[in-house]
Amino acid sequence: MKEFLRLLTIAVVVNFGACLDFTQTVFGSATDGVPAAFGDFNSDELTDMFMLRDDFRTVQIFLGSDTEPLLKEGPKCTFKNLRISSVVPGDFDGDAFMDVLITTKGGDNLGVFINWGGSSYINCTSEEEKLLEIHGEPMVLDYNDDMVMDLFGLEPGTGKRTFWLFKKDRSAPEVRQMPMHHNAELRLPHSHAFVDLNRDFTADLFITAERNFEVWNGTDRHDGFLYSHTIDLPTGLNEHVGQALFFDVELKGNINLVLPICFDRKCSNSTILVHNGHKFHDMEINFKDPDNKQWGFIVPNDELFTNAITLRSGDFNMDGYPDLLATLQQHPGDTVQTFLLENVPVERQNSPMTRTFVVRWKALAPFANGTVAGAFYDFYQDGILDVVLVEKTGKQYRTKAFRNSLDYDANFVKVIVLTGLVNKEVPTTKTPLGKTKKTYGTNLPGPRIAYYTITQDGYPQYGTSAQIPQSAYFALHLPYTIFGLGRTPNFVDSITVGLSNQSKTWTQLIPNSQVIVVPWPIKEPWRWKAQLFVTPSKLILMSMVALGGTCLVIMLIILGLYIKEKREDKIEKLQEAHRFHFDAM
């Protein structure tokens with residue numbers, strides 16, 4: 001009997017581990033590509049994935065679906081003589097349809113092409129229709145608040161900091177250059193960001209220079225950015241500086257600058273720094289695994305995904321605190337693997353930070369050696385973040401999917417802010433409440449999203465996030481924000497969305513809901529709309545099952561009593577019929 005139970009336990013563990021790898025369920029057989037960006041291309045409220053395939057000569061959109069496979073092959077564009085280096089989805093002509101901007105390698109500079117999108121199709125540009133050239137990958141932003149996406153980067157030849165402003169007639173973009181009195185050399189690969197850092201609900205420009213970071217405040221005059229200050233790197237801590245990342249580390253309502261660095265050239269001594277608005281603090285992360293083997297970040301090289309030290313954030317365990325995905329290398333050795341870094345409370349006293357990160361060495365099992373990148377993705381659109389992993393074997397890349405199976409019922413709120421643009425060619429769809437537009441625009445970089453609620457213990461909980469602050473060098477930001485609420489089933493007291501120096505607050509929102517915000521007109525926040533879609537939690541479903549089971553049991557008891565009473569009545573009538581009546585004599 002003991003042997004049987006042991007074998008049964010092993011079988012359950014093996015099956016559970018196998019179910020966490022659900023690549024076949026997500027991609028089917030189409031795993032021969034790498035994820036380059038995310039966005040809702042066909043405006044069906046399901047997030048799509050933009051993949052690079054055929055040796056980086058094809059960009060194909062994998063459309064989100066609620067049936068298997070969860071990502072289905074969609075429109076694609078192939079270039080015979082060009083190799084694609086990055087993909088940026090967005091609306092570059094103001095027609096409310098998502099376009100697909102790509103950059104291609106060619107010498108020291110990159111060529112920029114735009115494949116103009118329609119309601120469910122894409123017009124592939126020819127290899128001769130290069131729109132412009134740029135030095136380094138561009139960052140997407142909305143420079144003049146017209147909801148048409150623009151670009152920021154370096155002009156080839158001169159190296160000047162330049163904005164390219166796109167127009168609704170698809171003509172050549174307008175070129176504007178930044179003031180030349182700030183001309184420090186910029187780092188490549190860069191991690192520039194379009195993010196609100198001073199809490200005025202206007203996205204600022206964060207620039208990564210070689211020796212420091214520059215912060216340029218956004219204005220509401222549509223005339224660019226005003227220089228604010230620089231953030232210097234700590235002395236002696238910049239042997240290898242990774243890509244900057246922005247999220248609320250401690251749930252204090254602040255967007256922190258998070259920076260992975262190496263103390264030595266081999267990156268055997270690595271750490272993560274967090275800037276709290278005044279200075280950097282070392283998170284003092286333990287990169288030794290249970291076997292006492294030392295790990296660290298990968299020394300930047302010329303390979304895809306490892307040309308820069310890159311972290312990606314998301315709330316994996318739904319406790320409200322954003323976690324990290326990081327690709328590490330064993331030192332000494334060449335074993336490379338992507339791990340989950342959980343955001344946990346600091347145990348030591350007198351720490352300037354209340355949170356730190358702990359490597360969960362087995363959290364992404366069965367995936368192990370060879371995973372060179374990871375990003376968060378909500379495959380089932382249920383508010384629980386799964387993980388997309390990229391495996392490298394030799395020179396070949398394959399995409400895998402990891403299912404996040406939470407063992408407890410957690411609540412969340414999912415917020416997406418769209419451009420608000422509409423197109424008359426978009427068909428309307430019938431709903432129980434009347435006719436509803438199918439789309440309200442596409443990806444929008446820069447909005448600040450904040451929430452406030454009360455926990456089960458009666459303590460206030462704050463959280464804030466920036467939507468799509470970065471778009472270059474495979475940043476792989478999701479086009480929405482998921483705030484984990486833990487086990488708190490209470491109403492979310494308020495959600496505030498702000499951009500272009502305007503903001504609006506919605507109160508008393510149901511947990512486990514998706515909020516779609518349409519900030520149009522941009523200067524009239526009282527007219528902004530919010531659509532709410534509720535996703536039933538496992539607790540509600542279990543309660544319904546329990547209620548249904550209870551009703552079924554009660555019905556069976558009533559039926560049994562009824563049958564018993566009918567049988568007793570029948571027996572009593574038979575006895576009455578056979579009884580001898582003395583009165584009749």
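What counts as what
Residues numbered from 1 in each chain as written. Predicted model: local features only at pLDDT ≥ 70, side-chain atom pairs only at ≥ 80, totals over all residues. Heavy atoms only, no water. UniProt positions renumbered as here; feature names shortened; annotations may be inferred. Salt bridge = Lys/Arg side-chain N within 4 Å of Asp/Glu carboxyl O. Helix = DSSP H or I, 4+ residues; strand = E, 2+ residues; numbered from the N terminus. Buried < 20%, exposed > 50% of the residue type's maximum accessible area, 1.4 Å probe, protein only. Phe/Tyr/Trp six-rings, centres within 6.5 Å; stacked < 30°, edge-to-face > 60°. Lys NZ or Arg CZ within 6 Å of the ring centre and 35° of its normal. 1 Å grid on protein atoms, 1.4 Å probe; cavity = no way out; pocket = protein on both sides within 12 Å on 5 of 7 lines; lining within 4 Å. Points joined across faces, edges and corners; volume = space filled by probe spheres on them. Nonpolar A, V, L, I, M, F, W, Y, C, P; charged D, E, K, R; others polar. Domains from an automatic or database assignment. Pairing = 2+ DSSP bridges. Axes fitted to C-alpha atoms, helices over the stretch in contact; angles between N-to-C directions.

In the nomenclature of an unreviewed UniProt entry, the protein is known as Putative t-cell immunomodulatory protein of Phlebotomus kandelakii. Recorded in UniProt under Subcellular location (unreviewed entry), the annotation for the protein is "Membrane". According to the UniProt record, the Sequence similarities (unreviewed entry) comment for the protein is "Belongs to the TIP family."

S.K.: In this structure, what is going on with the pattern of salt bridges? I would like to understand it.
M.R.: Two side chains carrying opposite charge are able to pair once their charged atoms lie near each other. Applying the stated rule across the entire model yields 16 salt bridges. Where R170 meets D93, a salt bridge forms, and the shortest distance between an N and an O atom there is 2.7 Å. Within this pair, whereas R170 is found in the loop between β11 (161-165) and β12 (174-177), its partner D93 is found in the loop between β5 (84-90) and β6 (99-106), the two being separated by 77 residues in sequence. Using a relative accessible area of 3% as the deciding quantity, one classes D93 as buried. Measuring nitrogen to oxygen at the nearest pair gives 2.7 Å for the salt bridge that ties E524 to R527. For E524, a relative accessible area of 25% corresponds to the partly exposed category. Classification of R527 as partly exposed rests on a relative accessible area of 46%. What you see here is one network of salt bridges that share partners, running through D32, R53 and E73.

S.K.: It is not clear to me how the packing of aromatic side chains should be interpreted in this structure. Could you clarify?
M.R.: Note on aromatic pairs: each is described by the distance of the centres and the angle between the planes. In the structure shown here, the tally under the stated rule is 28 aromatic pairs. With a centroid separation of 6.4 Å and an interplanar angle of 70 degrees, the aromatic rings of F27 and F62 are classed as edge-to-face. In this pair, F27 sits in helix α2 (residues 23-27) while F62 sits in strand β3 (residues 58-64), placing the two residues 35 residues apart along the sequence. Under the relative-accessibility criterion, F27 is labelled buried at 3%. Taking 6.1 Å as the distance between ring centres and 70 degrees as the angle between the ring planes, the aromatic pair formed by Y143 and F225 counts as edge-to-face. Here the residue Y143 occupies a position in the loop between β9 (132-141) and β10 (150-154), and F225 occupies one in strand β16 (residues 225-232), the gap between them amounting to 82 residues. Take Y143 and F225: they sit in the same class, and that class is buried. Aromatic ring contacts, followed pair by pair, group F22, F38, Y377, F379 and Y380 into a single cluster. Positioned over the ring face of Y321 is R355, at 3.5 Å from the centre of the ring.

S.K.: What is the right way to read empty space enclosed by the protein from this model?
M.R.: One simple way to see leftover space: roll a probe sized like a water molecule over the atoms. What the rule picks out here adds up to seven cavities of 30 Å³ or more. Forming the walls of the largest cavity are 29 residues, and the residues nearest its centre are S313, G314, S465, Y480 and T481. If you list the elements that add at least two residues to the lining of the largest cavity, you get β18 (245-247), β23 (312-314), β34 (460-466) and β35 (481-486). Classifying every residue of the lining of the largest cavity by side-chain character gives 17 nonpolar, nine polar and three charged. Each of domain 1 (22-411) and domain 2 (412-426 + 436-538) contributes no fewer than three residues to the lining of the largest cavity.

S.K.: What exactly am I supposed to notice about the sheet that holds strand β13 (residues 193-195) here?
M.R.: Adjacent strands of a sheet pair through backbone hydrogen bonds, lying either parallel or antiparallel. Strands sit in the order β13-β14-β15-β16 across an open sheet of four strands; the sheet is antiparallel. The sheet is open, and its two borders are formed by β13 and β16, each paired with just one other strand. Ignoring strand direction, the axes of neighbouring strands in this sheet form an average angle of 25 degrees. Here strand β15 (residues 212-218) pairs with β16 via seven bridges, running antiparallel. When the sheet's bridge partners are listed, F213 is paired in β16 with I231.

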